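# Descriptive structure summary
What follows is each chain in one-letter form.
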Amino acid sequence: AMESLPPKPDMPAGATYQREVLRIFADEYGAQNGQQDAIDLAAWFNRLRERALDKRLAPNEPVEVPPGFLANAIAMPSPLGGQGERAPTVVRR
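What this report covers is the structure whose coordinates are included nearby.

Reading the values: the criteria
Residues numbered from 1 in each chain as written. Predicted model: local features only at pLDDT ≥ 70, side-chain atom pairs only at ≥ 80, totals over all residues. Heavy atoms only, no water. Helix = DSSP H or I, 4+ residues; strand = E, 2+ residues; numbered from the N terminus. Buried < 20%, exposed > 50% of the residue type's maximum accessible area, 1.4 Å probe, protein only. Contact = heavy atoms within 4.5 Å. Areas by Shrake-Rupley, 256 points an atom, 1.4 Å probe, with all protein chains shown as cover. 1 Å grid on protein atoms, 1.4 Å probe; cavity = no way out; pocket = protein on both sides within 12 Å on 5 of 7 lines; lining within 4 Å. Points joined across faces, edges and corners; volume = space filled by probe spheres on them. Nonpolar A, V, L, I, M, F, W, Y, C, P; charged D, E, K, R; others polar. Expected span 1.5 Å × (residues − 1). Arc of directions from axis to C-beta. Phe/Tyr/Trp six-rings, centres within 6.5 Å; stacked < 30°, edge-to-face > 60°.

## Examining the overall build of the chain
- The secondary structure content of the chain amounts to one helix and two strands.
- Secondary structure elements of the chain occur, N-terminal to C-terminal, as β-β-α.
- When burial is assessed residue by residue, the chain has 10% of its 93 residues classed as buried.
- Of the contacts formed within the chain by residues at least 6 apart in sequence, a portion of 19% connects residues at least 24 apart.
- Of the roughly 8,100 Å² that the chain leaves accessible, carbon and sulfur atoms contribute 55%.

## Looking at the layout of surface pockets
- Its volume calculated, the second largest pocket comes out at about 290 Å³.
- Taken together, Ala 1, Leu 22, Arg 23, Ile 24, Ala 26, Ala 38, Leu 41, Ala 42, Phe 45, Asn 46 and Arg 49 make up the full set of residues lining the second largest pocket.
- A per-class count over the lining of the second largest pocket returns eight nonpolar, one polar and two charged.

## Regarding helix α1 (residues 34–53)
- End to end, α1 covers 28 Å across 20 residues, agreeing with the expected 28 Å (1.5 Å per residue, within 8%).
- For α1, the full list of buried residues reads Asp 37, Leu 41, Trp 44 and Leu 48. Taken around the axis of α1, the buried residues stretch over an arc of 65 degrees, which confines them to a single face. Exposed residues pointing more than 90 degrees away from the buried face of α1 are listed as Gln 35 and Leu 53.

## Observations regarding unusual backbone geometry
- Of note in the backbone geometry, Lys 55 takes a positive phi value of approximately 60 degrees without being a glycine.
- Within the secondary structure, Lys 55 is located in the segment after α1.
- Owing to a relative accessible area of 74%, Lys 55 belongs among the exposed residues under this scheme.

## Regarding the packing of aromatic side chains
- Under the criterion given, the structure shown has two aromatic pairs.
- Measuring from ring centre to ring centre gives 5.4 Å for Trp 44 and Phe 45, while their planes differ by 20 degrees; the resulting arrangement is stacked.
- Relative accessible area serves as the criterion here: at 14%, Trp 44 is assigned to the buried category.
- Here Phe 45 falls in the partly exposed class, since its relative accessible area comes to 36%.
- Summarising the aromatic geometry, the rings of Trp 44 and Phe 69 are spaced 6.3 Å apart at their centres and angled 20 degrees between planes, so their arrangement reads as stacked. Placement of Trp 44 in helix α1 and of Phe 69 in the segment after α1 is noted, with a sequence separation of 25 residues between them.
- Classification of Phe 69 by relative accessible area gives buried; the value is 6%.
- By the ring-pair criterion, three or more aromatic residues cluster together here, those being Trp 44, Phe 45 and Phe 69.

If you want it as structure tokens, here you go:
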């Protein structure tokens, strides 16, 4: 995932400047074919983003996990049933 930033002063007019804000190594999570896993993961995230932008994805709504990622998916139930303070969204191992 990239973040667009204002161009640096020494960049030509009309140039863009982006920095990486998130990198996921798909081989660690998918079906062991890095190129296909990256394509599948990007498509999944794009679908989720589109649903969220269209207000079709409610907070704490369960989402379907692509088949190649099911073996590594971890269900995180909300301890508050979707009410009040949110649970952490990242689990470190």
